[in-house]
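Architecture at a glance
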Amino acid sequence: MDWGNVTVEDLVDALREVDWSSPPRPPSEFFSRFTVPKSFAKWDSRLKCNLYYYRTNYFIMIVVILGLGFLTRPLAIFSALLTALSVAFLNDSFAGSFSEKATRTTRRFSPQLAAKMRPPLTPVIRGRPSSKRAIHVCGQPRWIFVLTCSLVSFALWYISCGLFTVSLALLIGLLATVLHASLRTPNLKARLNTFREEFRAVWRNYSEI
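Residues numbered from 1 in each chain as written. Predicted model: local features only at pLDDT ≥ 70, side-chain atom pairs only at ≥ 80, totals over all residues. Heavy atoms only, no water.

The chain has the name PRA1 family protein in an unreviewed UniProt entry, where Arabidopsis thaliana x Arabidopsis arenosa is given as its organism. A UniProt comment under Sequence similarities (unreviewed entry) is attached to the chain, and it reads "Belongs to the PRA1 family." According to its UniProt record, the chain has this under Function (unreviewed entry): "May be involved in both secretory and endocytic intracellular trafficking in the endosomal/prevacuolar compartments." (UniProt positions renumbered as here; feature names shortened; annotations may be inferred.)

Right, here's the structure in full:
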């Protein structure tokens with residue numbers, strides 16, 4: 001993949017649809033080799049490639065930095081978890097996996113309630129879905145969970161007076177992410193992983209036809 005031709009919208013869509021359950025890359029690889037890009041085009045391509053390939057590492061790094069900033073504010077930690085959950089629900093893979101596990105757990109205690117938690121069926125016309133399948137969580141549209149978690153977390157942020165703390169910690173985490181993604185030289189494994197993800201996407205689209 002030529003990451004120079006990938007737009008920001010394409011990168012955001014890829015991060016939203018990709019599976020985030022993959023384990024993080026080992027520290028020996030994450031902190032392996034750093035070089036300064038020779039041009040803006042190379043920096044732009046490297047930044048997008050590393051953000052996609054080391055996405056789990058960056059997420060963990062930001063969470064750790066936020067956790068260190070909230071050691072003196074226990075309520076702010078719970079607020080951060082809700083904020084992270086609301087962001088995680090924007091990912092299709094996480095939302096579907098969460099809904100499936102919640103439904104499976106509920107089925108053990110109440111099969112009737114679990115049946116109501118199933119996502120609605122998408123109409124099929126001539127063997128194909130009539131529209132793009134909307135993501136549901138526990139039988140409800142995804143935006144309900146995102147909005148609920150966001151409102152509750154904002155209220156807790158306000159109560160705990162941790163808005164300045166989270167802003168500073170988040171800024172440090174984002175700066176550290178951009179700095180690492182800009183200086184970390186993409187390796188062969190990152191390129192091979194990109195090709196594998198492209199093949200999976202093509203195969204998934206082919207299987208839906």
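**As for the overall build of the chain**
The secondary structure content of the chain amounts to ten helices and four strands. Each helix and strand of the chain, ordered N terminal to C terminal, gives the series α-α-α-α-α-α-α-β-β-β-β-α-α-α. Counting every position in the chain, which comprises 209 residues, the buried fraction comes to 33%. In the chain, of all internal contacts separated by at least 6 residues, the share reaching a separation of at least 24 is 80%. Carbon together with sulfur atoms contributes 69% to the accessible area of the chain, which is approximately 13,700 Å² in total. (Helix = DSSP H or I, 4+ residues; strand = E, 2+ residues; numbered from the N terminus. Buried < 20%, exposed > 50% of the residue type's maximum accessible area, 1.4 Å probe, protein only. Contact = heavy atoms within 4.5 Å. Areas by Shrake-Rupley, 256 points an atom, 1.4 Å probe, with all protein chains shown as cover.)

**Remarks on the environment of I62**
In this fold, I62 is placed in helix 4 (residues 55-69). Along the chain, I62 and T177 lie 115 residues apart, while their C-alpha atoms are 8.0 Å from each other. Ignoring any residue separated from it by four or fewer positions in sequence, one finds I62 in contact with L170, G173, L174 and T177.

**Focus: the pattern of salt bridges**
A complete count under the given rule lists two salt bridges for this structure. Taking the shortest distance from any N to any O, the salt bridge between K48 and D44 comes out at 2.9 Å. Placement of the pair is K48 and D44 together in helix 3 (residues 40-53), with a separation of four residues, close to one helical turn. For D44, a relative accessible area of 18% corresponds to the buried category. R104 is paired through a salt bridge with E100; the nearest N and O atoms lie 2.8 Å apart. With R104 and E100 both in helix 6 (residues 92-109) and four residues apart, the pair spans about one turn of that helix. (Salt bridge = Lys/Arg side-chain N within 4 Å of Asp/Glu carboxyl O.)

**Here we look at helix 6**
Turn by turn, an α-helix covers 3.6 residues, leaving residues three or four places apart pointing in a common direction. Taking 1.5 Å of rise per residue, 18 residues should cover 26 Å, and helix 6 covers 27 Å from first to last C-alpha, within 8% of that figure. One side-chain oxygen at the N-terminal end of helix 6 lies 2.9 Å from the backbone nitrogen of F94; it belongs to N91. (Expected span 1.5 Å × (residues − 1). Polar contact = N/O pair within 3.5 Å; in protein donor to acceptor, adjacent residues only side chain to side chain.)

**Some words on the UniProt feature "transmembrane region" (unreviewed entry) in the chain**
As recorded in UniProt, the sites labelled "transmembrane region" (unreviewed entry) are residues 52-71, 77-98, 143-160 and 166-183. In this annotation, residues 52-71 is assigned 85% helix and 0% strand; the end-to-end C-alpha distance for the span is 30 Å. Annotated as 100% helix and 0% strand, the span residues 166-183 places its first and last C-alpha atoms 26 Å apart.

**Let's talk about the packing of helix 4 against helix 9 (residues 163-183)**
The N-to-C vectors of helix 4 and helix 9 enclose an angle of 150 degrees; their axes lie 9 Å apart at closest approach. Between helix 4 and helix 9, the angle is such that the two are roughly antiparallel. As helix 4 packs across helix 9, the resulting crossing turns out to be right-handed. Here Y58, M61, I62, I65, L66 and G69 of helix 4 come into contact with helix 9, specifically with T165, V166, A169, L170, I172, G173, L174, A176, T177, H180 and A181. (Axes fitted to C-alpha atoms, helices over the stretch in contact; angles between N-to-C directions. Parallel < 35°, antiparallel > 145°, perpendicular 65-115°, else oblique. Left-handed = near helix turned anticlockwise from the far one by under 90°.)

**Side note on the packing of helix 5 (residues 74-88) against helix 8 (residues 142-160)**
The interhelical angle for the contact between helix 5 and helix 8, taken along N-to-C directions, is 160 degrees, at an axis separation of 8 Å. Between helix 5 and helix 8, the interaxial angle falls into the category roughly antiparallel. Between helix 5 and helix 8 the crossing geometry is left-handed. Within the contact between the two elements, helix 5 uses L75, A76, F78, S79, A80, L82, T83, L85 and S86 and helix 8 uses V146, C149, S150, V152, S153, L156, W157, I159 and S160.

**Overview of the environment of V137**
Turning to its location among the elements, V137 is positioned in strand 3 (residues 136-137). The sequence separation of V137 and A102 amounts to 35 residues, and the corresponding C-alpha distance is 9.0 Å. Apart from the residues within four sequence positions on either side, V137 is in contact with F89, A95, F98, S99, R142 and F145.

**Some remarks on helix 4**
Relative to the 21 Å expected for 15 residues at 1.5 Å per residue, helix 4 spans 21 Å between its end C-alpha atoms, a close match to the ideal helical length. Residues of helix 4 that are buried: R55, T56, N57, Y58, M61, I62, I65 and L66.

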